[in-house]
Amino acid sequence: LASMGHALPAEYVSALSVFQDHAPTNASGARELIAQELRENAHIILDRMGDAPIASASLAQVFESYLPSGEKVAIKVQHSRIRRDFEVDVRSVGLIMRLYEAFDPTFQFGWLLPELKSCFEMELDFVREAKNCEMMAELLHGRPQFSTPKIFWPFTTSRVLTMEFIEGAKITDVASIRNLGLDTNDVSKAW
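Note that the coordinates shown come from a computational prediction; the quantities given were computed from them, not determined experimentally.

Trainee: Go over the side chain of Gln78 with me, naming the residues and quoting the values.
Mentor: Summarising the element assignment, Gln78 is placed in strand β3 (residues 72–78). In this structure Gln78 comes out as buried when scored by relative accessible area, which is 1%. Looking at Gln78, its side chain comes within polar contact range of the main-chain oxygen of Leu124, at 2.4 Å. Residue contacts for Gln78: discarding those within four places in its chain leaves Leu33, Leu59, Ala60, Arg83, Leu124, Asp125, Phe126, Ser158 and Arg159.

Here it is, written out as structure tokens:
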């Protein structure tokens, strides 16, 4: 919901955005999911993966690791219960909407639930995200002010995304952008 600024009032998006950057972590669950998803390739990244995530949001957590070549990678791993929790949330929100509409026929937000479900299904498909990343790399080729991480396909599934580790900052985090030695005016012009 926090990413649905096109459909929800700004106040809702702002209140829910805290869940985008500060979600609970579960390193052991992430390791289990990586082993399940990557099977025989799992040990390659698990052996050198950090014990704690470097970031965690509502859908996934991110860990640092290294490939045998020495390349540093970021491994984005879905929270193990995210699909099940989402289905429960969708049913609950659907029930609340139907009840509210029964009491107030002017409340016409039934269209929002299928939109939410569709967006969420796309967000949960890390193969789609990886393909989009490669498409952006092609579109931004020759523009040195932009970086897109290389995807490591042998270590990527719909629930685990392994990519080149690139130091960076959230576009809204001005202090971190400055700490990276970047000029915020240049960043805003490039963006």
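Trainee: Can you lay out helix α6 (residues 112–123) for me, pointing to particular residues and giving the numbers?
Mentor: For α6, with twelve residues, the first-to-last C-alpha span of 16 Å sits near the 16 Å given by 1.5 Å per residue. Among the residues of α6, those classed as buried are Leu112, Leu113, Leu116 and Phe120. Mapping the buried residues of α6 onto a view down its axis gives an arc of 95 degrees, with all of them on the same face. Buried residues in α6 make contact with α5 (82–103).

Trainee: Report on the sheet that holds β3, specifying residues and quantitative values.
Mentor: With antiparallel pairing, four strands are arranged side by side in an open sheet as β1-β2-β3-β4. The sheet terminates laterally at β1 (55–56) and β4 (160–164), the two strands that pair on one side only. The pairing of β3 with β4 spans five bridges and is antiparallel. Among the inter-strand pairings, Ala74 is bridged to a residue of β4, identified as Met163. Seen against the sheet, helix α3 (residues 27–38) touches β2 (60–66), β3 and β4 and runs at an angle of roughly 95 degrees to β3.

Trainee: So what about α5? Which residues, and what values?
Mentor: Taking 1.5 Å per residue, 22 residues should reach 32 Å; α5 reaches 31 Å between its end C-alpha atoms and fits that length. Taken as a whole, α5 has its buried residues at Ile82, Phe86, Val90, Gly94 and Met97. Viewed along the axis of α5, the buried residues span an arc of 110 degrees, placing them on a single side of the element. Exposed positions of α5 whose direction lies more than 90 degrees from the buried face are Arg84, Arg91, Ile96, Ala102 and Phe103. If you follow the buried residues of α5, they end up packed against β3 and α6.

The rules we used
Residues numbered from 1 in each chain as written. Predicted model: local features only at pLDDT ≥ 70, side-chain atom pairs only at ≥ 80, totals over all residues. Heavy atoms only, no water. Helix = DSSP H or I, 4+ residues; strand = E, 2+ residues; numbered from the N terminus. Buried < 20%, exposed > 50% of the residue type's maximum accessible area, 1.4 Å probe, protein only. Polar contact = N/O pair within 3.5 Å; in protein donor to acceptor, adjacent residues only side chain to side chain. Contact = heavy atoms within 4.5 Å. Expected span 1.5 Å × (residues − 1). Arc of directions from axis to C-beta. Pairing = 2+ DSSP bridges. Axes fitted to C-alpha atoms, helices over the stretch in contact; angles between N-to-C directions.

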